[in-house]
Amino acid sequence: MMLCRTLLVAGGIIGLGALVGRVDSSLPILLFPMTAFICGIIVARNKWRIDRISLAISESGRNLESIARGHFDVSAQDAHIPEITSLNDAISHMSVQVRETVENLQLAAQRDPLTRLPNRAHFQYLVERQILDHEQQDLVCALLFIDFDGFKVINDTLGHRVGDQILQMASERLKLATRVADRVGRVVQDEPSVPTAHLSRLGGDEFTVFLGDIQSETMARKVAGRVLRVLAEPFELGARSIAAGASIGIAMWPRDGDNYDQLLRAADTAMYHAKQQGRGRIECYSAVLDEEARASAELEQELRQALAENQFVLHYQPLYDCRTLQIASVEALIRWNHPRRGLLLPGHFMPMAEKMSLINDIGEWVLSTAVRRISAWAEDGLRVKVSVNVSPHQLRQMEFVALVKASLHRWNVPPELLELEITETSAMKDVELAADRLTMMRALGVSVALDDFGTGYSNLASLTTLPINSLKLDRSLIEHIVDHPDARTLVQTMIGMASGLGFKSVAEGVETGEQLEMLSVMGCNIVQGYLLSRPVDEETLRKLLDGTHSGPMFNNPLGKNL
């Protein structure tokens, strides 16, 4: 357009010259058509350029819409116009970047961020897809549910960072044990007999493995056994060597469930049964386990209700001076006054309470109730020392020391009337922690007894570091002292050791007169057992303390000490 204006100006100058007689008058007549022709050519060329740019912009819009819909193969306009080429390059570059971003987001949505294994949602997708592929074929599949044993203790004692490192190391071991590569859904099959495997971290310390095209339940057990072995190996973290383990439940498709949800529930049920049987085990699902699971769920609900409605009661078993046979103290033992099943012993509900993390709440109730009873008896003129069992969970809680102190203060109870019992096993798991907590207890003025001594694997030297007052010999040691000289020698040695260390010796499970007489000769300080008294309710205990109990002192029943 600039050229057109230039030519028109030139034509005007020439025409003006003709008027003044300096230029030939025919030149303007020739110049104007020429100018118009040249202008037409320029306008046509610019229109073609504008049309190409408009077409390129329209195509770019369609490409952007395709990218927005997830289609990243964009088309480019062939053009030698620099602006169009730059636009095509920009859109192509954006397409590549968006594609990479979307793929990364999709991968992140499918992966567990800690272990990089398929997460719960993607694992379900993989399993359902494989089940769908196998529905028309006569094939067997297996789902393994893997749960670490005692992983919460690792987190609580060593910290979540250490726990996360163990989970990462465990995932690598699981890949090897199940032959799963480090790509989602991709399988390494170095043997023809190895089934298709998908590994996932469901969350926390729970992992699952789906084995497709498996030949039998026996093969599923073999894979599960391999998993148990690799997880049982200690995890080396710097100077630490951390032992762990797992329990595994197995469910078979289509026998134990037609779909993913049914299989997962069945495998989960089998896994919990494995834990109840002692942990570090493999269990296959059966219909019987469903009934047990329903009973466990019902018990769990009833336990919460029992705690809320104060359905628990304390019974008391007297401990007697071995020489005088006078009551020296009593041990508080929890019972559940179940509204339908009657009085239940701790073995029927305490394992479930521990699993539900209610053990601390129940332990707090026992302590508070026992201290309140001591106070009530003191007001009636009865000075009674009561021992209360302390669970490993309570021992690990720093707040437990404050709870003991607060209970004594609230009910104005002299601390020497309270004794806390911890088992040998819980003390020896972490001697330093136990010594620290028990030292705090002793500083309050309460006494401490080491319960069930002789059932664990004590380092006897550690007894010198534990601030205890009494050593309670387990009933399994007392049972054969009359008939077996070796058992007599062992018990005599323990009583002598307790005396030498300044501890009182307490014999549990005394059920015959011969046992009582022999323990008295050995120099045992305190005895406890069915021979002298079963656990009794508060009313009966008051009569025993008052000396008004009309029943026989020596019951000599069959059964074990509770």
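**Observations regarding the pattern of salt bridges**
Considering all chains together, one arrives at 24 salt bridges under this definition. The partner of Arg 255 in a salt bridge is Asp 256, and the shortest N-O contact between them spans 3.0 Å. When the shortest N-O distance is used, the salt bridge between Arg 340 and Glu 298 registers 3.1 Å. Of this pair, Arg 340 sits in the loop between strand S9 (327–338) and strand S10 (342–344) while Glu 298 sits in helix H9 (residues 287–308); the two residues are 42 residues apart in sequence, bridging distant segments of the chain.

**Here's the deal with the layout of surface pockets**
In this model, the largest pocket occupies a volume close to 1600 Å³. In terms of lining, the largest pocket is formed by 41 residues, of which the most central are Gly 150, Val 153, Arg 279, Glu 354 and His 393. Among the secondary structure elements, those contributing two or more residues to the lining of the largest pocket are strand S1 (140–148), helix H5 (151–158), helix H8 (260–276), helix H10 (350–355), helix H11 (359–379), helix H12 (392–396), helix H14 (424–429) and helix H15 (431–444). In this structure, the second largest pocket spans a volume of roughly 1100 Å³. Mapped by element, the contributors of at least two residues to the lining of the second largest pocket are S9, H10, H11, strand S11 (386–389), H12, strand S12 (418–423) and strand S13 (447–453). For the lining of the second largest pocket, the class distribution of residues is 15 nonpolar, ten polar and nine charged.

**As for the side chain of Asp 256**
Inspection of the secondary structure puts Asp 256 in the loop between strand S6 (246–253) and H8. Not counting residues up to four positions away in its chain, the partners in contact with Asp 256 are Ala 251, Gln 262, Leu 263, Ala 266 and Tyr 285.

**A few points about the environment of Val 384**
Structurally, Val 384 can be placed in the loop between H11 and S11. Residue Val 384 is classed as buried on the basis of its relative accessible area of 5%. A C-alpha to C-alpha distance of 8.0 Å links Val 384 and Ala 328, two positions 56 residues apart in sequence.

**With respect to the nonpolar core**
With 75 residues, the main nonpolar core has Leu 420, Leu 519 and Val 527 as its most contacted residues. If sequence neighbours within four positions are ignored, Leu 519 has contacts with Cys 322, Ile 478, Ile 481, Val 491, Ile 495, Ala 507, Val 510, Cys 524 and Val 527.

**A short note on the pairing of strand S15 (residues 504–507)**
Pairing of strand S14 (residues 470–473) with S15, which is carried by four bridges, proceeds in the parallel orientation. Across the sheet, residue Ser 470 finds its bridge partner in S15, namely Lys 504. Bridge analysis of S15 against strand S16 (residues 526–527) gives two bridges, and the strand direction is parallel. In the strand pairing of S16, Ala 507 is matched with Val 527. Between the parallel elements S15 and S16, the chain passes through helix H18 (residues 513–522) in a crossover that is right-handed.

**Examining the state of the cysteines**
A full pass over the atoms with the stated rule returns zero disulfides. Not engaged in a disulfide, the cysteine Cys 322 finds its nearest cysteine sulfur in Cys 524; these two sulfurs lie 5.2 Å apart. Assessed through its relative accessible area of 5%, Cys 322 is described here as buried.

**What to know about the pairing of strand S3 (residues 206–214)**
Counted residue by residue, S3 has eight buried out of nine residues, so it is predominantly covered. Bridge analysis of strand S2 (residues 196–203) against S3 gives seven bridges, and the strand direction is antiparallel. Considered in S3, the bridge of Leu 199 is made with Val 209. The turn joining S2 and S3, which pair antiparallel and follow one another in sequence, is formed by two residues; a positive phi near 60° is taken by Gly 204.

**What about the packing of aromatic side chains?**
For the structure shown, the criterion picks out eight aromatic pairs. Between the aromatic rings of Phe 148 and Phe 151, the centroid separation amounts to 5.6 Å while the plane-to-plane angle is 50°, which identifies the pairing as tilted. Aromatic pair Trp 336 and Phe 349: ring centres 5.6 Å apart, planes at 85°, arrangement edge-to-face. Separated by 13 residues along the polypeptide, Trp 336 in strand S9 and Phe 349 in the loop between S10 and H10 bring together distant segments of the chain. Residues Trp 336 and Phe 349 agree in their burial class; the two are buried.

**Thoughts on the sheet that holds S6**
Taking strand neighbours across the sheet as the criterion, the five strands line up as S2-S3-S1-S6-S7 in an open arrangement whose pairing is mixed. Both outer strands of the open sheet, S2 and strand S7 (282–284), are each paired with one neighbouring strand and no more. Here the strands of the sheet are splayed against their neighbours by 20° on average, with no regard to which way each runs. Together, S1, S2, S3, S6 and S7 form the strand contacts of H8, whose direction differs from that of S6 by roughly 145°.

Reading the values: rules and limits
Residues numbered from 1 in each chain as written. Predicted model: local features only at pLDDT ≥ 70, side-chain atom pairs only at ≥ 80, totals over all residues. Heavy atoms only, no water. Salt bridge = Lys/Arg side-chain N within 4 Å of Asp/Glu carboxyl O. Helix = DSSP H or I, 4+ residues; strand = E, 2+ residues; numbered from the N terminus. 1 Å grid on protein atoms, 1.4 Å probe; cavity = no way out; pocket = protein on both sides within 12 Å on 5 of 7 lines; lining within 4 Å. Points joined across faces, edges and corners; volume = space filled by probe spheres on them. Nonpolar A, V, L, I, M, F, W, Y, C, P; charged D, E, K, R; others polar. Contact = heavy atoms within 4.5 Å. Buried < 20%, exposed > 50% of the residue type's maximum accessible area, 1.4 Å probe, protein only. Core = buried A, V, L, I, M, F, W, Y, C linked by side-chain atoms within 4.5 Å. Pairing = 2+ DSSP bridges. Right-handed = clockwise from strand over helix to strand, strands pointing away. Disulfide = S-S within 2.5 Å. Phe/Tyr/Trp six-rings, centres within 6.5 Å; stacked < 30°, edge-to-face > 60°. Axes fitted to C-alpha atoms, helices over the stretch in contact; angles between N-to-C directions.

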